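As a plain string of letters, each chain reads:
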Amino acid sequence: MRTVEDVRPRAERRPALRVVALLLALVCAAIGAAGLATADRGVERHSTAVAGVPLEVVRPAGATGRLPGVVVAHGLAASRQLMRGFADTLARRGYAVELVDLAGHGASTARLPGAGDGLAADARLDRDLDIAVGHLRSMPWVDAARIGLLGHSMGAAAVLRYATAHPEISATVSISQGPTSSTGSAARPRNLLLLAGGLEFAGFRDGALGALRAAYPGGRAGVTYGDPRAGTARRAVLVPGVEHVGVLFHPRTHREVASWFDGTLGSSSGGPHGAGLRPVWRAGSAMLLHLAAVLSFGAIAAAVLRPVASGRERRRVPLPLALGVPAGAVLAAVPVMAVVPRGLLPLAVAAPVAGFFGVIGVVLLATALLTGRTGVTRAGRSSVVAAVVLVALTVVSFAVPAQLGWAHAVPVGPRAWALLPIAACATAFFGGIEALCGGYGRRAAILIHAWIAGGALAGLGVAALVGAASSFVLLVAPLLAGLLVWQGVQAAALRAVRAPVWLTAVVGGVLLAWPIAVTMPII
């Protein structure tokens, strides 16, 4: 049996660890804030909306003369913020760059038919690109005869389709477009660069090489074919060591893009090879602010939450149940994804994903209730105030750095009300986890939490592989994994200050639900 003296040294270390974490958080916050404050140095930005399409034009600060222009289109569940690195790179090399929020994404409140699949979706994306190209051409300081396109994933397929139908587009860069039909003509679209990450699914890598070989049979990655002056240039590159999102931030990707447009659009101030490349400056600075929020959360939680125990014993759910029931809950939740109506919420994949987490949470909460586990009561008013503070902190910690660095993070249109049911399901999920962790020591609770979160991720993967959920779930899995790790750290910090289960569940539910609500496309 441990004595008070055995426990005291560990308890006394917690404030010291919080101080160290807080100091590291201040360093990360200072570096991240400085990075975002200087991210626009050397460029000018102007945001507008044309015919309901949100646009952002970026050009070199103090530029004179007519500049070549590039329209940049994002992928599914992304926004123009994720593509700002390309605007930073190209604007500093003498280009006018226009970022666009396609229908259903970012600041756009328009519906994207079929979640991006089908003829209706193609027509809507073509319309948005046509508006963006027309707006960029109308700028008096843009050379309308030198316009290029760049797109990623869904946006890559869209720019390929648009450039093929509009031969006046001088050059196109397609990143991770996947399998695509091709005319086999080296001149349609003109001057095409194809990029894919070396760690992406085979379909994306094969799509890049297949589009090259449709025009140049036997073409090899890393070799340029054709003549840019005739519009027949083709090149495919597999960027090593990166997946579907990482390819957007790799220096090799940005070097290839800058060199391609320099050679096909002829920027007058392109500079030396690799000059002006800052692919991770903006997004990396935002990530440092996210890290600062994670590191400082424990100290803030300890400051705002003062638990008062009632003296009742906390009883554990038996370990076999704490580990076995979540596995069964995940297996039960997989078929639920197949029966949840895709249109139940106005956001692609949001309803099945929310239902998946909600079912797991209900099963875990029922298990804790049926086993009769009791918890320690808390002073109601202090917990409610702490919940308001910590929820607000969590939202700001995600939304502000994301909005400035890598994702549109403000709910618009139907996203605002869809956030509520998603948050309710996520809250049930994290409440169930905390109910099973109750009564266990710090390390055991962390392991149980990680077991359940990891099992949920694996269940989402299984659901996608067996067709119970859209394969798009596999592409957003890294985002969900990052959010679950973030929430796990916050949950451990709240357990350390003996926060009530409901408070931890609400804070975690908002953290998981907010990014889903603001990123999934409106359908």
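This structure is a prediction, so every number in the text was calculated from the model and none was measured.

What counts and what doesn't
Residues numbered from 1 in each chain as written. Predicted model: local features only at pLDDT ≥ 70, side-chain atom pairs only at ≥ 80, totals over all residues. Heavy atoms only, no water. Axes fitted to C-alpha atoms, helices over the stretch in contact; angles between N-to-C directions. Helix = DSSP H or I, 4+ residues; strand = E, 2+ residues; numbered from the N terminus. Parallel < 35°, antiparallel > 145°, perpendicular 65-115°, else oblique. Left-handed = near helix turned anticlockwise from the far one by under 90°. Nonpolar A, V, L, I, M, F, W, Y, C, P; charged D, E, K, R; others polar. Core = buried A, V, L, I, M, F, W, Y, C linked by side-chain atoms within 4.5 Å. Buried < 20%, exposed > 50% of the residue type's maximum accessible area, 1.4 Å probe, protein only. Contact = heavy atoms within 4.5 Å. pLDDT = per-residue confidence, 0-100. Salt bridge = Lys/Arg side-chain N within 4 Å of Asp/Glu carboxyl O. Polar contact = N/O pair within 3.5 Å; in protein donor to acceptor, adjacent residues only side chain to side chain. Pairing = 2+ DSSP bridges. Phe/Tyr/Trp six-rings, centres within 6.5 Å; stacked < 30°, edge-to-face > 60°. Lys NZ or Arg CZ within 6 Å of the ring centre and 35° of its normal. Patch = residues over 30% accessible without salt bridge, like charges linked within 9 Å, V, L, I, M, F, W, Y side chains within 5 Å. Areas by Shrake-Rupley, 256 points an atom, 1.4 Å probe, with all protein chains shown as cover.

### With respect to the packing of helix α11 (residues 415-437) against helix α14 (residues 501-519)
Here's step 1: Axis separation between α11 and α14 bottoms out at 6 Å; the angle between their running directions is 140°. Comparing their axes, α14 and α11 come out oblique. Between α11 and α14 the crossing geometry is right-handed.
Here's step 2: Counted by class, the contact of α11 with α14 contains 15 nonpolar, 6 polar and 2 charged residues.

### Some details on the nonpolar core
Here's step 1: Counting 117 residues, the largest nonpolar core has Leu150, Phe261 and Phe356 as its most contacted members.
Here's step 2: Excluding anything up to four places from it in sequence, Phe356 contacts Val330, Ala333, Val334, Met337, Ala456, Gly459 and Leu460.
Here's step 3: Ranked by size, the runner-up nonpolar core spans 30 residues in total, among them Ala103, Leu129, Ile131 and Ile147.

### Side note on the packing of α11 against helix α13 (residues 472-496)
Here's step 1: Interaxial distance between α11 and α13 falls to 12 Å at its minimum, and their mutual angle equals 45°. Considered as vectors, α11 and α13 are oriented oblique to each other. When you trace α11 past α13, the crossing you get is right-handed. Listed contacts from α13 to Phe429, Phe430, Glu434 and Cys437 of α11 are Leu484, Gln487, Ala491 and Arg495.
Here's step 2: By residue class, the composition of the contact of α11 with α13 is 5 nonpolar, 1 polar and 2 charged.

### Some points on the confidence of the model for the protein
Here's step 1: Looking at the protein as a whole, its pLDDT mean stands at 91, while 92% of the residues score no less than 70.
Here's step 2: In the predicted structure, residues 1-9 sits below a pLDDT of 50 and forms 3 contacts with residues beyond four places in sequence or in another chain.

### What to know about the pattern of salt bridges
Here's step 1: If you walk through the whole model with that rule in mind, you get 19 salt bridges.
Here's step 2: Between Asp143 and Arg146 there is a salt bridge, and its shortest N-O distance comes to 2.8 Å.
Here's step 3: Several salt bridges converge on common partners, so that one network encompasses Asp40, Arg45, Glu56, Arg80, Arg84, Asp88, Asp101 and Arg282.

### Structural notes on the environment of Leu419
Here's step 1: Tracing the sequence through the fold places Leu419 in helix α11.
Here's step 2: The class for Leu419 is buried, based on a relative accessible area of 13%.
Here's step 3: Expressed as a C-alpha distance, the spacing of Leu419 and Ile452, which sit 33 residues apart in the sequence, is 23 Å.
Here's step 4: In this structure Leu419 touches Ala513, Trp514 and Ala517, once residues within four positions along its chain are discounted.

### What to know about the environment of Arg235
Here's step 1: Residue position: Arg235 is located in strand β9 (residues 234-239).
Here's step 2: It is 59 Å that separates the C-alpha atoms of Arg235 and Val384, two residues lying 149 residues apart in sequence.
Here's step 3: Setting aside its immediate chain neighbours within four residues, Arg235 contacts Leu192, Leu193, Leu194, Leu212, Gly222, Val223, Thr224, Arg252, Glu256 and Trp260.
Here's step 4: Polar contacts involving the side chain of Arg235 include one to the side chain of Thr224, which spans 3.0 Å.

### With respect to unusual backbone geometry
Here's step 1: Cis rather than trans, the peptide bond between Arg188 and Pro189 has omega equal to -5°.
Here's step 2: With a phi angle near 60°, Ser176 is a residue other than glycine that sits in the positive phi range.
Here's step 3: The residue Ser176 is located in the loop between β6 (171-175) and β7 (192-197) in this model.
Here's step 4: Using a relative accessible area of 1% as the deciding quantity, one classes Ser176 as buried.

### With respect to the sheet that holds strand β4 (residues 96-100)
Here's step 1: Strands sit in the order β1-β2-β4-β3-β5-β6-β7-β9-β8 across an open sheet of 9 strands; the sheet is mixed. The open sheet has two edge strands with one neighbour each: β1 (43-50) and β8 (224-225).
Here's step 2: Bridge analysis of strand β3 (residues 67-73) against β4 gives 5 bridges, and the strand direction is parallel. In the strand pairing of β4, Ala73 is matched with Val100.

### Some details on the packing of aromatic side chains
Here's step 1: A complete count under the given rule lists 6 aromatic pairs for this structure.
Here's step 2: Measuring from centroid to centroid gives 4.9 Å for Phe357 and Phe429, while their planes differ by 65°, and the two rings are edge-to-face. Within this pair, whereas Phe357 is found in helix α9 (residues 350-370), its partner Phe429 is found in helix α11, the two being separated by 72 residues in sequence.
Here's step 3: Given the relative accessible area of 2%, Phe357 is considered buried.
Here's step 4: On the numbers, 5.9 Å between centres and 85° between planes, the contact of Phe398 with Trp406 is edge-to-face. Of the two residues, Phe398 and Trp406, neither departs from the other in class, the shared state being buried.
Here's step 5: The structure contains a cluster of three or more aromatic residues connected by ring pairs, namely Phe356, Phe357, Phe429 and Phe430.
Here's step 6: Directly above the ring of Trp141 sits Arg59, whose terminal nitrogen or CZ lies 4.3 Å from the centroid.

### Focus on a nonpolar patch on the surface
Here's step 1: Together, Val19, Leu22, Leu23 and Leu26 make up a nonpolar patch on the protein surface, roughly 360 Å² of accessible area in all.
Here's step 2: In this fold, Leu23 is placed in helix α1 (residues 4-38).
Here's step 3: We classify Leu23 as exposed; its relative accessible area is 52%.

### Some remarks on the pairing of β1
Here's step 1: Pairing between β1 and strand β2 (residues 53-60): 8 bridges, direction antiparallel. What sits directly across from Thr48, in β2, is Leu55.

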